[in-house]
Structures are given as structure tokens and as C-alpha cells.
Amino acid sequence: MNKSITHQLTSICLLAALLASPATAADLYIGGGAKAGEITDRTAIVLARLTSTQAQNAEGLIPGRDGQARLRYGTEESLLDAKTTLWETALAEAD
């Protein structure tokens, strides 16, 4: 994968956590990391699941968390040209 695209996707996913609903942002994580696939020179599918912890619990699971998030994305590594998606609602029990 192109280093610039990798950096952009990492930035996108980190911003998803930072742009989470302000009321609960301190308790929201992307504990499973972010995944990107079907990447082209114009598109990428990005998956970021909101979680209540940064790592696995005693059962080896990373519990989901209700909340809202949005992605910020752009074609420049600096994200100076970034656009932001609408807010999406996440449910703890849904991936």
C-alpha cells in the first residue's frame, strides 16, 4: 500500500476517535484498530468500531460502545484539504 495512503487512513481513523460525541469522547476508543480495504486512487472503505476499552478484557474481547463518530478525510497527507462525513451512530452490540 502506498505510504501516503497508509498515513492518510491512519489519520482518518484517529480523527474518528477525536471527533466522537463530545459528551462521551473520553470513554470512547477504537480498541480493535481501524481497517481499510478496497483502496483505489479515489476511494477506500474504512471500518472503525467504537469500543469502551483500548484493549481486550479478561475474556479476550473488546466490548463495543454506543456513541457517534465521523471521519475526516482528504487526499493531502497534511489533511489541509480534508472533508468530514456526517455523524454516524454506533451501537455496542453491532459491529
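Predicted, not measured: the structure shown is a model, and the values here were computed from it.

## A closer look at the confidence of the model for the chain
Mean pLDDT over the chain stands at 78; residues scoring 70 or higher make up 72%. Looking over the chain, one finds the lowest element-wise mean pLDDT in helix 1 (residues 3–18), namely 50, and the highest in strand 5 (residues 83–84), namely 91. Predicted confidence for residues 17–23 stays below pLDDT 50, and this span has 13 contacts to residues more than four positions away or in other chains.

## Some points on the environment of L71
Examined against the element boundaries, L71 turns out to sit in the loop between strand 3 (67–69) and strand 4 (72–73). As a C-alpha pair, L71 and W87 span 16 residues in sequence and 8.2 Å in three-dimensional space.

## A short note on the environment of V46
Of note, V46 is situated in strand 2 (residues 45–48). Along the chain, V46 and K35 lie eleven residues apart, while their C-alpha atoms are 5.7 Å from each other.

## Examining the side chain of T51
Residue position: T51 is located in the loop between strand 2 and strand 3. Only 2.8 Å separates the side chain of T51 from the backbone nitrogen of G31, close enough to count as a polar contact. Polar contacts involving the side chain of T51 include one to the main-chain carbonyl oxygen of T53, which spans 2.8 Å. Beyond its immediate stretch of four places on either side in the chain, T51 contacts D27, L28, Y29, I30, G31, G32, I62, P63, G64 and R65.

## Re unusual backbone geometry
Positive phi is not limited to glycine here, since E38 has a value of about 45°. By the secondary structure assignment, E38 is in the loop between strand 1 (34–37) and strand 2. Of the residues examined, E38 reaches a relative accessible area of 64% and is grouped as exposed. The phi dihedral of L79 is positive, around 60°, even though this residue is not glycine. Tracing the backbone through its elements, the reader meets L79 in the loop between strand 4 and strand 5.

Criteria and cut-off values
- Residues numbered from 1 in each chain as written.
- Predicted model: local features only at pLDDT ≥ 70, side-chain atom pairs only at ≥ 80, totals over all residues.
- Heavy atoms only, no water.
- pLDDT = per-residue confidence, 0-100.
- Helix = DSSP H or I, 4+ residues; strand = E, 2+ residues; numbered from the N terminus.
- Contact = heavy atoms within 4.5 Å.
- Polar contact = N/O pair within 3.5 Å; in protein donor to acceptor, adjacent residues only side chain to side chain.
- Buried < 20%, exposed > 50% of the residue type's maximum accessible area, 1.4 Å probe, protein only.

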